[in-house]
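# Chain and residue survey
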Amino acid sequence: MNETALKRNSVTINRKYSEYFLPTVLTAMATNIAMIVDSIIAGNILGKNALAAINLLSPVAQLYFSLTILFGLGASSVIAVAKGKNDKTLVNRIFTTTFIAVVLLCVVLMAIQLPLAGGICSLLTKDKILNPLLYQYYIPFIIGTPLNLILLCSSYFIRTDNRPRFASNIIIVANIVNLIMDYVYMGVFDMGIAGSSIATVTGYAVGFVMMITHFVSKKSTLHFDFSILKAPKKFLEIFSELITVGLSGALGTLLITVKMLFLNWIIMSTGGRDAMASYSICSSSQIFMSMFITGASQTMIPIIGVCLGEKDFDGIRYAFRRAFTILAVVSVVTMLFILAAPEPVIKLFGITAESDIANAVPALRINALSFPALAFSFLFLYYYMATQRKTLSTTIAVVNGIVILIPSALILSVFFGITGVWISLVVAQVGTLIVLYFITLVIKRKSKGKYDSFYLIESNDNNEIVSLSFKGSKENASGVSLYLTSFLTSHNIDKNVANRIAVAVEGISADIAERTGKKKKADIDIRIMIDGNDAIISIRDNGEPYDIVSNDSEQKTLSEIQVVKAVSKSVEYSSVLGFNRLVIKI
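### Some details on the packing of aromatic side chains
All chains considered together, the criterion is met by 24 aromatic pairs. Aromatic pair Phe320 and Phe380: ring centres 5.5 Å apart, planes at 40°, arrangement tilted. On the criterion of sequence distance, the pair formed by Phe320 in helix α11 (residues 313-340) and Phe380 in helix α14 (residues 371-386) is long-range, its members being 60 residues apart. Here Phe320 and Phe380 have matching classes, each one buried. Joined through ring pairs, the aromatic side chains of Phe320, Phe324, Phe376, Phe380, Tyr383, Tyr384, Phe454 and Tyr455 make up one cluster. When the ring centre of Phe579 is taken as origin, the NZ or CZ atom of Arg540, which lies over that ring, is 5.3 Å away.

Listed below in structure tokens is the structure:
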């Protein structure tokens, strides 16, 4: 085989990304689609005041979403790294710590909000018509807190537990139930705006039952380990780690809450109730975009987490590029659609009066211009969070959330009225990318050549001497073996070590080909590192999960692994995100 054919490629990463993308988008819908559906149905059944009232609760909904990012995404990211290190005890302790923390959080949130619901509604709006509608919607929302937070955090765990499709099925069912019950509660039973909120909680309840079936099944690799409670220092250490990792993503979402509070106040002061209805549609269009932003960004996080643990910097870049491409296409297409045909979108929310449509059209069009920059701002936020650059990701969150938006909205509204507020939505996103550009430029210069791009990671692991990708076939296994023998000896690797590496790679690759040959050929990535006196071989494939080390039911497989063990100091197997991974020490 020639060097070009063996060059490392993005196939395994891209296929895993594609496998996880749709389920992750659907998981994002768990928090986002509910309010869009509620807004559309409530707007059509109950009118524009109900539409405005539901949007007024958006800051609280965003607060909840930020908490699921903090605990769910933060913990699942840490779990992904622990899985990459094959530390099963740590994985279970992270899972248990997070579950305990989320349950306690639910109790606290309900205890605070229920007695203060009326006062919180008054803080959100002083409007005498909207306030009672908001209260009716808010109370069921509070009662559904445990179903909401535990379900959404668990969806991250199930996805990281290599069941992305089941996680998406939970979300699909929950939202279908929500949609059906919206019509039942508001239309059939005439329960008003409260029925819309109760329908959402009903959907979460059904999803919650489905979620439980995963954790009691044999397919789950996540198990409770309450022994962590006997080690409070370790509990706090794990809690601190997951909070630290999830903080920037959560802060970005939390600052959206702050942004919404200020924007609601500015919009009501500048344009009144009609402008608020227009902003409700803009907000829903942003929620639609955020499904894809969240989906594309969060799909790469567990993949990057595993690659980071393995020091597979090429894999990190492949995952980011995939997310970038998807968001570029989706954001531009969505922007162009809204610019070309805003009226159908507006009418979808029950806004039919010509004067109301005339007010909403410029708001929707200007807001759509922000979509590409919005997508990339949050993509970078999640990327730097996943690569452990917590300060940079937190800076993006703060700059995007309040530093640019609120001052620009206040200033532009003075000169251009409500149109100035819509313009500020674009200014904030573009401004964030400009600030990010200069920050990364400074970091690159200070690194003195260590980082040569915005990825802010090394070109490759300093110990890595070769990285290959190829299709799993016996012919390729033999070809790779011959190539490695020649390559390694020509790079001053001891001939005996080079031959043992080649034998190990050929044996494992041939076994993979044997297991997947009758089906679609597996894609194989191989990285070889030199660590002191040891040669480390990392072999990853996307075939069916199979523990070649411990499975001795097939004589042929057993003899092949015996050969590999004979030429190696150690052989370790792990299954992470559906990848088979072997680490062989020569």
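Text resumes after the structure shown.
### Thoughts on the sheet that holds strand β2 (residues 523-531)
With respect to topology, five strands assemble into an open sheet ordered β1-β2-β3-β5-β4, the strand pairing being antiparallel. At either end of the open sheet lies a strand with only one pairing partner, and these are β1 (464-471) and β4 (570-576). Between one strand and the next, the sheet's axes are offset by a mean angle of 15°, whatever the strand orientation. Judged from the six bridges that link them, strand β3 (residues 534-541) and strand β5 (residues 579-585) form a sheet pairing that is antiparallel. Each bridged residue has a counterpart across the sheet, and for Ile537 the counterpart in β5 is Ile584.

### Some remarks on the layout of surface pockets
Think of a ball as big as a water molecule: rolled over the atoms, this probe shows where empty space is left. Its volume calculated, the largest pocket comes out at about 670 Å³. If you trace the largest pocket, you find 23 residues lining it, with Lys16, Glu19, Asn542, Gly543 and Glu544 closest to the centre. Taken together, the elements giving at least two residues each to the lining of the largest pocket come down to α2 (11-46) and α8 (164-188). In terms of residue count, the dominant contributor to the lining of the largest pocket is α2 (six residues). For the lining of the largest pocket, a count of residues per class yields six nonpolar, six polar and eleven charged. By volume, the second largest pocket is sized at about 490 Å³. Lining the second largest pocket we find 23 residues, and of these Lys83, Lys88, Thr221, Ser574 and Ser575 sit closest to its centre. Those elements that place two or more of their residues in the lining of the second largest pocket are α5 (88-124) and β4. Sort the elements by how many residues they give to the lining of the second largest pocket and β4 lands first, with four residues. Here the lining of the second largest pocket is built from residues that sort into six nonpolar, ten polar and seven charged.

### What about the environment of Thr89?
The residue Thr89 is located in helix α5 in this model. Residue classification places Thr89 among the partly exposed positions, given a relative accessible area of 46%. In this structure, the C-alpha to C-alpha distance between Thr89 and His223, residues 134 residues apart in sequence, is 9.5 Å.

### Structural notes on the nonpolar core
By size, the foremost hydrophobic cluster in this structure holds 147 residues, and its most contacted members are Phe71, Met300, Tyr382 and Tyr383. The element best represented in this core is helix α10 (residues 232-310), accounting for 26 residues. Ignoring anything within four residues of it in the chain, the contact list for Met300 reads Tyr17, Ala319, Phe320, Ala323, Leu379, Tyr382 and Tyr383. In terms of nonpolar packing, the next biggest core, distinct from the first, is built from 31 residues, Leu484, Ile493, Ile526 and Ile528 among them.

### So, the packing of α5 against helix α7 (residues 145-160)
At their nearest, the axes of α5 and α7 sit 9 Å apart, and the two run at 155° to each other. Taken together, the axes of α5 and α7 lie roughly antiparallel to each other. Along this stretch, α5 crosses α7, giving a crossing that reads as right-handed. Contact residues: α5 offers Phe95, Thr98, Phe99, Val102, Val103, Leu105, Cys106, Leu109, Met110 and Gln113, while α7 offers Thr145, Pro146, Leu149, Ile150, Cys153 and Phe157. Its residues assigned to classes, the contact of α5 with α7 shows 13 nonpolar, three polar and no charged.

### Observations regarding empty space enclosed by the protein
Within this structure, the stated rule accounts for eleven cavities of 30 Å³ or more. For the largest cavity, the calculated volume is near 240 Å³. Along the walls of the largest cavity sit 16 residues, with Gln62, Ile256, Gln286, Ser290 and Phe378 positioned nearest its centre. Elements with a minimum of two residues in the lining of the largest cavity: α4 (58-84), α10 and α14.

### A short note on unusual backbone geometry
If you check the backbone angles, Asn492 has positive phi at about 65° while not being a glycine. Counting through the fold element by element, Asn492 comes out in the loop between α18 (474-490) and α19 (495-516). Not every positive phi belongs to a glycine, and Leu577 is a case in point at roughly 55°. Checked against the element boundaries, Leu577 lands in the loop between β4 and β5.

Conventions and cut-offs
Residues numbered from 1 in each chain as written. Predicted model: local features only at pLDDT ≥ 70, side-chain atom pairs only at ≥ 80, totals over all residues. Heavy atoms only, no water. Phe/Tyr/Trp six-rings, centres within 6.5 Å; stacked < 30°, edge-to-face > 60°. Helix = DSSP H or I, 4+ residues; strand = E, 2+ residues; numbered from the N terminus. Buried < 20%, exposed > 50% of the residue type's maximum accessible area, 1.4 Å probe, protein only. Lys NZ or Arg CZ within 6 Å of the ring centre and 35° of its normal. Pairing = 2+ DSSP bridges. Axes fitted to C-alpha atoms, helices over the stretch in contact; angles between N-to-C directions. 1 Å grid on protein atoms, 1.4 Å probe; cavity = no way out; pocket = protein on both sides within 12 Å on 5 of 7 lines; lining within 4 Å. Points joined across faces, edges and corners; volume = space filled by probe spheres on them. Nonpolar A, V, L, I, M, F, W, Y, C, P; charged D, E, K, R; others polar. Core = buried A, V, L, I, M, F, W, Y, C linked by side-chain atoms within 4.5 Å. Contact = heavy atoms within 4.5 Å. Parallel < 35°, antiparallel > 145°, perpendicular 65-115°, else oblique. Left-handed = near helix turned anticlockwise from the far one by under 90°.

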